[in-house]
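Secondary and tertiary structure notes
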Amino acid sequence: RPWAGKRVLLHFGASDFETTVIVNNLNAGVHKGGYDPFTMDITKVLNPYGRNELVVAVWDPTDASPNSRGKQVRKPNGIWYTPTTGIWQTVWLEPVPKTHVRSVRLTPSVDKSEIEVALDVANLTVLDPSRVRLAMDVRFSSASGQPKVDFGIQHVSGFGGAKSELVARISLPP
């Protein structure tokens, strides 16, 4: 049981257009959009001790709605295409700890010779934000770069909820 005690995330690279996820006859979530990746935490609807059933339904109104559709129509002719819908990017399950990095955002500043690293951390609980440290291995391509750098957090926001952001600024070597 290598996934015991972990959160289970269901990731979709993309599906077109309205995606409904049912796990063990329970609605795990709905996502609307045809081009963007999304993730659902399905942990609460899983049976940790037996089999699970996962059903994914995708519906697309094509030209019966104001959504983007390109040249797809329900009754194609001339330059119009037969509509396509459904899952069109990779789908995968991922076990993660309760507190985990949800995303990383890198923002370079050429003028300041630094890069800002922002981590979106799920379920991070910190009693004293001043004691938080962010350690990361930083490898520069130049021979003069430092092989390992340990940074304190420069900015902390949103502690105590389901979403927290940790931000560090790294000065780049000349």
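My aim in this report is to walk through the structure given alongside it, one point at a time. (Residues numbered from 1 in each chain as written. Predicted model: local features only at pLDDT ≥ 70, side-chain atom pairs only at ≥ 80, totals over all residues. Heavy atoms only, no water.)

Whether parallel or antiparallel, the strands of a sheet pair through hydrogen bonds between backbone atoms. Pairing in this open sheet of 3 strands is antiparallel, and the strands run β5-β1-β8 from one edge to the other. With partners counted over all chains shown, the strands left at the sheet margins are β5 (38-41) and β8 (91-96), one partner each. Going across the sheet, the axis of each strand differs from the next one's by a mean of 25°, ignoring polarity. Both strand β1 (residues 7-12) and β5 contribute to a ladder of 4 bridges, which runs antiparallel. Of the residues in β5, the one forming a bridge with F12 is F38. (Pairing = 2+ DSSP bridges. Helix = DSSP H or I, 4+ residues; strand = E, 2+ residues; numbered from the N terminus. Axes fitted to C-alpha atoms, helices over the stretch in contact; angles between N-to-C directions.)

Below, the discussion takes up the packing of aromatic side chains. Taken as a whole and judged by the stated rule, the model has 2 aromatic pairs. Taking 4.7 Å as the distance between ring centres and 10° as the angle between the ring planes, the aromatic pair formed by F12 and F38 counts as stacked. Taken together, the residues F12 in strand β1 and F38 in strand β5 connect sequence positions 26 residues apart. Note on accessibility: F12 and F38 belong to one class, buried. With a centroid separation of 6.4 Å and an interplanar angle of 70°, the aromatic rings of Y35 and W88 are classed as edge-to-face. With Y35 in the loop between β4 (26-32) and β5 and W88 in the loop between β7 (86-87) and β8, the pair connects residues that are 53 residues apart, well separated along the chain. When its relative accessible area of 56% is taken as the criterion, Y35 is described as exposed. (Phe/Tyr/Trp six-rings, centres within 6.5 Å; stacked < 30°, edge-to-face > 60°. Buried < 20%, exposed > 50% of the residue type's maximum accessible area, 1.4 Å probe, protein only.)

This part is about the sheet that holds strand β6 (residues 54-59). Read across the open sheet, the 3 strands follow the order β4-β3-β6; overall the sheet is antiparallel. Every other strand in the sheet has two partners, leaving β4 and β6 as the edge strands with one partner each. Strand-to-strand twist in this sheet, taken as the mean axis angle between neighbours without regard to direction, amounts to 15°.

With respect to the element layout, P108 can be found in strand β9 (residues 100-109). In this view, P108 contacts E114 and I115; residues no more than four positions away in its chain are not counted. (Contact = heavy atoms within 4.5 Å.)

In this section: a nonpolar patch on the surface. A cluster of nonpolar residues, L54, V56, I87 and V91, forms a patch on the protein surface that exposes about 280 Å² of accessible area. Locating V56 in the fold gives a position in strand β6. (Patch = residues over 30% accessible without salt bridge, like charges linked within 9 Å, V, L, I, M, F, W, Y side chains within 5 Å. Areas by Shrake-Rupley, 256 points an atom, 1.4 Å probe, with all protein chains shown as cover. Salt bridge = Lys/Arg side-chain N within 4 Å of Asp/Glu carboxyl O.)

We now examine the pattern of salt bridges. The tally for this structure, following the rule as stated, stands at 4 salt bridges. Across the pair R7 and D41 runs a salt bridge, and its minimum N-O distance is 3.1 Å. With R7 in strand β1 and D41 in strand β5, this residue pair connects regions lying 34 residues apart in the sequence. By relative accessible area, R7 is classed as partly exposed at 21%. The class for D41 is partly exposed, based on a relative accessible area of 36%. The partner of E116 in a salt bridge is R105, and the shortest N-O contact between them spans 3.9 Å. Pair noted here: E116 is in strand β10 (residues 114-122) and R105 is in strand β9, with a separation of 11 residues, a long-range link. A residue is classified by how much of its surface remains accessible, and E116, at 19% relative accessible area, is buried. The partly exposed category is assigned to R105, whose relative accessible area is 40%.

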